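Here are the chains, one letter per residue:
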Amino acid sequence: MNNFKFKNETSIRFGKDRLETELYDAVSQFGNRVLLTFGGGSIKKSGLYDRVINLLSGLEVFELSDIEPNPKINSVRQGQKLVKEHDIDVILAVGGGSVIDASKVIASSKFYDKDPWELVKDSSKRFGINQLPIVDILTLSATGTEMNAGSVISNPETNQKLGTMGPNTPAVSFLDPQLTYSVSKWQTAAGSIDIFSHLTEQYFDTGASDVTLGMIEGLYRAVIKNTPSVLADPNNYDARAALMWSSTMALNGLVSVGTQNGWTVHPIEHELSAYYDITHGIGLGILTPRWMKHILSAETVPRFAQFGRHVWHLTGTDEVVANQAIQATFDWVKSLNVPTTLPGVEINDTTHFQKMAESAVLVGDLNHSAYVPLEVADVVSLFEQSMTNSGFVD
Ligand code: NZQ
Ligand code: ZN
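Criteria and thresholds
- Residues numbered from 1 in each chain as written.
- Chains lettered and ligands numbered in written order.
- Predicted model: local features only at pLDDT ≥ 70, side-chain atom pairs only at ≥ 80, totals over all residues.
- Heavy atoms only, no water.
- Donors = N, O, S within 2.8 Å, 3.2 Å for Na, K, Ca; no water.
- Helix = DSSP H or I, 4+ residues; strand = E, 2+ residues; numbered from the N terminus.
- Buried < 20%, exposed > 50% of the residue type's maximum accessible area, 1.4 Å probe, protein only.
- Pairing = 2+ DSSP bridges.
- Axes fitted to C-alpha atoms, helices over the stretch in contact; angles between N-to-C directions.
- Contact = heavy atoms within 4.5 Å.
- Domains from an automatic or database assignment.
- Buried area = accessible area lost by both parts, 1.4 Å probe.
- Salt bridge = Lys/Arg side-chain N within 4 Å of Asp/Glu carboxyl O.
- Polar contact = N/O pair within 3.5 Å; in protein donor to acceptor, adjacent residues only side chain to side chain.
- Expected span 1.5 Å × (residues − 1).
- Arc of directions from axis to C-beta.
- Core = buried A, V, L, I, M, F, W, Y, C linked by side-chain atoms within 4.5 Å.
- Phe/Tyr/Trp six-rings, centres within 6.5 Å; stacked < 30°, edge-to-face > 60°.

**Student:** Teacher, can you tell me more about the coordination of the zinc ion (ligand 2) here?
**Tutor:** A metal bound by six donors in octahedral fashion has ideal angles of 90 or 180 degrees, whereas one bound by four tetrahedral donors has an ideal angle of 109.5 degrees. Taken together, the protein donors to the zinc ion (ligand 2) comprise Asp194 (OD), His198 (NE2), His266 (NE2) and His280 (NE2), at separations of 1.9 to 2.2 Å. Mapped onto the sequence, the donors of the zinc ion (ligand 2) take the spacing D-x3-H-x67-H-x13-H. Of this pair, aspartate 194 sits in helix α8 (residues 185-203) while histidine 280 sits in helix α12 (residues 280-295), placing them 86 residues apart in sequence. For histidine 280, a relative accessible area of 15% gives the class buried.

Here it is in structure tokens:
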């Protein structure tokens, strides 16, 4: 276990119907001028928008709407204009990861006079400046952004989708599982695969200790068990609650303490989203089993065997269990009724594979800091292997 520091200052307000009693104070403690940020309309459809507006009565509320999935830098630019023009005190982000991620960079951009894309390209610029506080109401279980300092922002002009870290996690996050009842089956599955992938990025790590591995195994089991329950019954409170808390716990920093934290599949997926604007979790579900197969070796087999025994309850020799665990991962993704190949998400040609692979290796530092280092040719091969289900029992 490597040395580590751990601190997370987000105040979590988990459970049913806390907004009525707590939202006003959570927001107004930072001032009266609020920027309400949200996405393409799901919160209007569900009634959450009206509820929030009523609860904020007495505060001065400005709005930034239409933040898209895979949030684009243009939304951040619009937000920057609003927070400066109206001298905003606090941002209330209502939505999934895309809304909250964009809001975090807008929170920095109030105190920055140049194009906020510069803040995304170079996170260090966000640390020398002030930040607006963020309060959020999470409506989709997936990213963990509700309790971490990360954001992922896309720039369609340059085909880039880049991660950026700010100095702060959200000040207050409201996690009411009931607000996820309306999430579609597609987004629910994608969200669960995203959680699964966050766990995988941290589990397959040379610095992961018994403490970390045990916590991750518990979270894996919760996600694997509760996702089908939610797909069968979207209003299953306990299953939605398990997914919501798994999302937060998988990426609030707790299970990465002491690890190398060298992620692999995320930087590769971000290239797919950057070029083809696909749903993040769906891309991860396609890539993950291929990546697992690609890195399975005498050296990694013990970790895969542990994964197979503790997560998938498999028995047998290390080698057998390791291989079955990878197939089980593929089967689980498939069982959620989402595509398992790139053509399944309309990526039918190999035109950009080389460029995407070069960028993934560079941005993700895959040839140095990954669990098993990957070169450009390895990543191209992963994309190629993702064109069909060959290699898996389908
Ligand atoms: O835009 P609206 O109308 O709100 O609809 C959204 C959107 O279309 C809809 N939705 C959200 N809550 C809903 C709902 N529909 C019905 N009922 C609800 N309660 O779902 C769609 C997807 O929303 P989005 O916010 O894009 O999903 P998610 O939370 O999965 O976020 C994905 C983004 O987060 C990034 C991803 O790369 C992607 O850009 N990530 C952020 C991370 C972080 N900050 O730590 C880590 C992750 O690895 C990830 O990369
Ligand atoms: Zn993710």
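**Student:** How should I be thinking about the sheet that holds strand β1 (residues 11-14) in this particular structure?
**Tutor:** Hydrogen bonding along the main chain pairs the strands of a sheet, whether they run parallel or antiparallel. In spatial order, the strands read β1-β8-β5-β4-β2-β3; together these six strands make up an open sheet with parallel pairing. The sheet is open, and its two borders are formed by β1 and β3 (60-64), each paired with just one other strand. Here the strands of the sheet are splayed against their neighbours by 20 degrees on average, with no regard to which way each runs. Pairing of strand β2 (residues 33-37) with strand β4 (residues 90-95), which is carried by four bridges, proceeds in the parallel orientation. Considered in β4, the bridge of threonine 37 is made with alanine 93. Lying on the sheet, helix α4 (residues 73-85) is in contact with β2, β3 and β4; it crosses β3 at an angle near 160 degrees.

**Student:** So what exactly am I meant to see when it comes to unusual backbone geometry here?
**Tutor:** Of note, the phi angle at aspartate 87 is positive, near 45 degrees, even though the residue is not glycine. Structurally, aspartate 87 is set in the loop between α4 and β4. Look at aspartate 277: it is not a glycine, yet its phi comes out positive at around 50 degrees. Relative to the helices and strands, aspartate 277 is located in the loop between α11 (265-276) and α12. Its relative accessible area of 44% is what places aspartate 277 among the partly exposed residues.

**Student:** Honestly, the domain arrangement of the protein in this entry has me stumped. Any pointers?
**Tutor:** A common way to express how large an interface is: the accessible area buried when the components associate. We note that the domain assignment places domain 1 (11-180) and domain 2 (185-385) within the protein. Listed by partner, the interface residues are 26 residues for domain 1 and 25 residues for domain 2. Between domain 1 and domain 2 the total buried area reaches about 2100 Å² when both faces are included, carbon and sulfur atoms providing 60% of it. At the junction of domain 1 with domain 2, the criterion picks out one salt bridge. Lysine 72 is the salt-bridge partner of aspartate 277, the closest N and O atoms lying 3.6 Å from each other. On the surface where domain 1 and domain 2 come into contact, there are seven residue pairs in polar contact (both at pLDDT 80 or more).

**Student:** Whenever I open this one, helix α15 (residues 353-364) confuses me. Can you help?
**Tutor:** Structural remark: α-helix, 3.6 residues per turn; residues separated by three or four positions point the same way. Spanning twelve residues, α15 covers 16 Å between terminal C-alpha atoms, matching the ideal 16 Å at 1.5 Å per step. Buried within α15 are the following residues: Phe353, Met356, Ala357, Ala360, Val361 and Gly364. Looking down the long axis of α15, one finds its buried residues gathered within 130 degrees of arc, a one-sided arrangement. Within α15, the exposed residues directed more than 90 degrees away from the buried face are Lys355 and Leu362. Looking at the buried side of α15, the elements it contacts are α11, α16 (366-369) and α17 (376-385).

**Student:** I tried to follow the nonpolar core on my own but got confused; where do I start?
**Tutor:** Counting residues in each nonpolar core, the largest one holds 67 residues, and the members touching the most others are Phe307 and Trp312. When sequence neighbours within four positions are dropped, the list of residues in contact with phenylalanine 307 reads Phe196, Tyr203, Phe204, Tyr220, Met292, Trp312, Ala325 and Thr329. The next biggest cluster of nonpolar side chains, apart from the first, holds 26 residues, and it includes Ile88, Ala93, Ala102 and Val105.

**Student:** For this particular structure, what's the right way to read the pairing of β4?
**Tutor:** The side chains of a regular strand alternate, residue by residue, between the two faces of the sheet. Counting buried positions along β4 gives six out of six residues, so the element sits mostly inside the fold. Bridge count between β4 and strand β5 (residues 134-138): five bridges; the pairing is parallel. Its bridge partner being in β5, valine 94 is matched across the sheet by isoleucine 137.

**Student:** Which parts of the structure should I look at to understand the packing of aromatic side chains?
**Tutor:** When we look at a pair of aromatic rings, we describe it by the centre distance and by the angle of the planes. Applying the stated rule across the entire model yields 17 aromatic pairs. Consider the rings of tyrosine 220 and phenylalanine 307, whose centres lie 5.2 Å apart with planes at 55 degrees: the pair is tilted. With tyrosine 220 in helix α9 (residues 210-232) and phenylalanine 307 in helix α13 (residues 301-310), this residue pair connects regions lying 87 residues apart in the sequence. Seen in terms of ring centroids, phenylalanine 330 and phenylalanine 392 are 4.6 Å apart; in terms of plane orientation they differ by 10 degrees. Their pairing is stacked. Placement of the pair is phenylalanine 330 in helix α14 (residues 318-335) and phenylalanine 392 in the segment after α17, with a sequence separation of 62 residues. Accessibility assignment for this pair places phenylalanine 330 and phenylalanine 392 in one class, buried. Among the aromatic residues, those joined into a cluster by ring pairs are Phe196, Tyr203, Phe204, Tyr220, Trp291, Phe304, Phe307, Trp312, Trp332 and Tyr371.

**Student:** Please clarify how the side chain of threonine 340 should be interpreted in this entry.
**Tutor:** Inspection of the secondary structure assignment puts threonine 340 in the loop between α14 and α15. Its relative accessible area of 9% is what places threonine 340 among the buried residues. Looking at threonine 340, its side chain comes within polar contact range of the side chain of asparagine 389, at 3.0 Å. In this structure threonine 340 touches Ile286, Arg290, Phe330, Val333, Lys334 and Asn389, once residues within four positions along its chain are discounted.

**Student:** I keep staring at the pattern of salt bridges and nothing clicks. Help me out?
**Tutor:** Pairing of side chains with opposite charge becomes possible as their charged atoms draw close. Following the criterion strictly, the structure yields 15 salt bridges and no others. Measuring nitrogen to oxygen at the nearest pair gives 2.9 Å for the salt bridge that ties aspartate 115 to arginine 77. Of this pair, aspartate 115 sits in the loop between α5 (97-109) and α6 (117-121) while arginine 77 sits in helix α4, and the two are 38 residues apart along the sequence. The shortest N-O distance in the salt bridge between lysine 334 and aspartate 394 comes to 2.9 Å. Note that lysine 334 is positioned in helix α14 and aspartate 394 in the segment after α17, a separation of 60 residues in sequence.

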